[in-house]
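# Survey of secondary and tertiary structure
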Amino acid sequence: MQVLVISDIHANLTALEAVLEDARRHLPQASSFESVWCLGDLVGYGPDPNACVQRVRELPGLVCLIGNHDQAALGQIPLARFNREARLVAEWTRHELKKIHRDYLASLPSQAVIDSFTLAHGSPRQPVWEYILDNYTADINFDALTTDYCLIGHSHLPLVFERNGDGPSILHLLLTWEEPLELRPKMILNPGSVGQPRDMDPRASYAILDTEAGLWQLHRVAYDILAVQARILKAGLPERQATRLLAGW
Ligand code: ZN
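First, a word on scope: everything that follows refers to the structure included in this document. Just so you know, these numbers come straight off a predicted model, no measurement behind them.

## A word on the sheet that holds strand E6 (residues 149–151)
Pairing within the open sheet is mixed, and its six strands lie in the order E4-E5-E6-E10-E7-E8. Looking along the sheet, the strands with just one partner apiece sit at the ends: strand E4 (111–114) and strand E8 (169–172). Along the sheet, successive strands turn relative to each other by an average axial angle of 20°, direction set aside. Sheet topology places strand E5 (residues 117–120) next to E6; three bridges connect them, and they run parallel. From the neighbouring strand, Leu119 faces E6, where its bridge partner is Leu151.

Spelled out as structure tokens, the structure:
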């Protein structure tokens, strides 16, 4: 099965459309993906919350998780946990979201298991909040992991952690592979962020997973950032949320 793996769209419709179009070009039959796994944070930061939720809901074979920013937009978590700007956008998003999309986000699980893959926004231990950014955190999450692989988002960084046997985790840093990565049991993989990459590469990030061949291919695609920046400013959202997109942080 060819799976499109996306995460952290953050209400950036232009980036999402660019990813969907680019991903179609990478499929053998240039048709449609059999399945899309979305690892949460559909909204927050960006100007297109309704359009992004709508677009994601239409995707084929969709498995979609809730992220911390989705929970914030639903009022499920105290906004005090966010910095000032993220809080402002969460309040704006809460006001902006149509009921039908709010209800949809509220229906999403925080974790899913599909064959040998565990899906979580943050980590298998704490599906919504924990960031896996270092080997120690990866180690304790490998201990908690009951499947061979775990797909996560949340950090907006395309990282891969690997563990051999009981040994310590190894971090493969910010890799953009020319060739697909061969999956080996005990890996935690992050496709990076569609709508707000933070590895100083402003292009939208996503991955295509071939579950039969056991291959993980990361992709980056440029999109019209200026158009998104204009919509952020027009919506009255913080200017920094616009400038950061161009710098990729
Ligand atoms: Zn996020």
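## A closer look at empty space enclosed by the protein
Evaluated as defined, the whole model comprises one cavity of 30 Å³ or more. Looking at the largest cavity, its volume works out to about 60 Å³. In terms of lining, the largest cavity is formed by His10, Ala11, Asn12, Tyr45, Gly46, Pro47, Gly195, Gln196, Val228, Ile232, Gln241 and Leu245. Of all the secondary structure elements, the ones that give two or more residues to the lining of the largest cavity are helix H7 (225–234) and helix H8 (239–247).

## A closer look at the pattern of salt bridges
Under the counting rule described, the total for this entry stands at 14 salt bridges. In this structure, the salt-bridge partner of Arg163 is Asp143, at a minimum N-O distance of 3.0 Å. Here Arg163 is found in strand E7 (residues 160–163), whereas its partner Asp143 is found in helix H6 (residues 135–144), with 20 residues between them in sequence. One salt-bridge network, in which partners are shared between bridges, spans Asp199, Asp201, Arg203 and Arg220.

## Here's the deal with the state of the cysteines
In the structure shown here, the tally under the stated rule is zero disulfides. Summary of cysteine pairing: Cys38 is not part of a disulfide, and the nearest cysteine sulfur, belonging to Cys64, is at 3.9 Å.

## As for the packing of H7 against H8
Geometry of a packed helix pair, given as the angle between the helix axes and the separation of the axes. Direction vectors running N to C along H7 and H8 enclose 175°, while the axes themselves pass 8 Å from each other. One way to sum up the angle between H7 and H8 is to call them roughly antiparallel. Where H7 approaches H8, its residues Ile225, Val228, Gln229, Ile232 and Leu233 are matched on the opposing element by Glu239, Gln241, Ala242, Thr243, Leu245 and Leu246. Here the residues of the contact of H7 with H8 sort into seven nonpolar, three polar and one charged.

## A look at the coordination of the zinc ion
Donor atoms from the polypeptide that bind the zinc ion are Asp8 (OD), His10 (NE2), Asp41 (OD) and His156 (NE2), placed at 2.1 to 2.3 Å. Around the zinc ion sit four donor atoms, and with donor-metal-donor angles ranging over 86 to 178° the site reads as irregular. Motif for the zinc ion, donor spacing along one chain: D-x1-H-x30-D-x114-H. Of this pair, His10 sits in the loop between strand E1 (2–6) and helix H1 (13–26) while Asp41 sits in the loop between strand E2 (35–38) and helix H2 (49–57); the two residues are 31 residues apart in sequence, bridging distant segments of the chain. Since its relative accessible area comes to 1%, His10 is described here as buried.

## As for unusual backbone geometry
Unlike most non-glycine residues, Asp8 shows phi in positive territory, near 50°. With respect to the helices, strands and loops of the structure, Asp8 is situated in the loop between E1 and H1. Judged by its relative accessible area of 0%, Asp8 falls in the buried class. In this model, Lys186 sits at a positive phi of 70°, which is unusual for a non-glycine residue. Along the polypeptide, Lys186 turns up in the loop between strand E9 (181–182) and strand E10 (187–189).

## Some details on the pairing of E2
Residues of E2 alternate between two faces, with Ser35 and Trp37 on one and Val36 and Cys38 on the opposite face, all of them buried. Pairing geometry for E1 and E2, over four bridges, is parallel. Bridging from a neighbouring strand, Val5 pairs with Trp37 of E2. Where E2 lies against strand E3 (residues 62–64), three bridges are found, and the strand directions are parallel. Residue Trp37 lies in a different strand from E3, and its bridge partner there is Val63.

The rules behind the values
- Residues numbered from 1 in each chain as written.
- Predicted model: local features only at pLDDT ≥ 70, side-chain atom pairs only at ≥ 80, totals over all residues.
- Heavy atoms only, no water.
- Pairing = 2+ DSSP bridges.
- Helix = DSSP H or I, 4+ residues; strand = E, 2+ residues; numbered from the N terminus.
- Axes fitted to C-alpha atoms, helices over the stretch in contact; angles between N-to-C directions.
- 1 Å grid on protein atoms, 1.4 Å probe; cavity = no way out; pocket = protein on both sides within 12 Å on 5 of 7 lines; lining within 4 Å.
- Points joined across faces, edges and corners; volume = space filled by probe spheres on them.
- Salt bridge = Lys/Arg side-chain N within 4 Å of Asp/Glu carboxyl O.
- Disulfide = S-S within 2.5 Å.
- Parallel < 35°, antiparallel > 145°, perpendicular 65-115°, else oblique.
- Contact = heavy atoms within 4.5 Å.
- Nonpolar A, V, L, I, M, F, W, Y, C, P; charged D, E, K, R; others polar.
- Donors = N, O, S within 2.8 Å, 3.2 Å for Na, K, Ca; no water.
- Tetrahedral: all angles 85-135°; square planar, octahedral: opposite > 155°, others 65-115°.
- Buried < 20%, exposed > 50% of the residue type's maximum accessible area, 1.4 Å probe, protein only.

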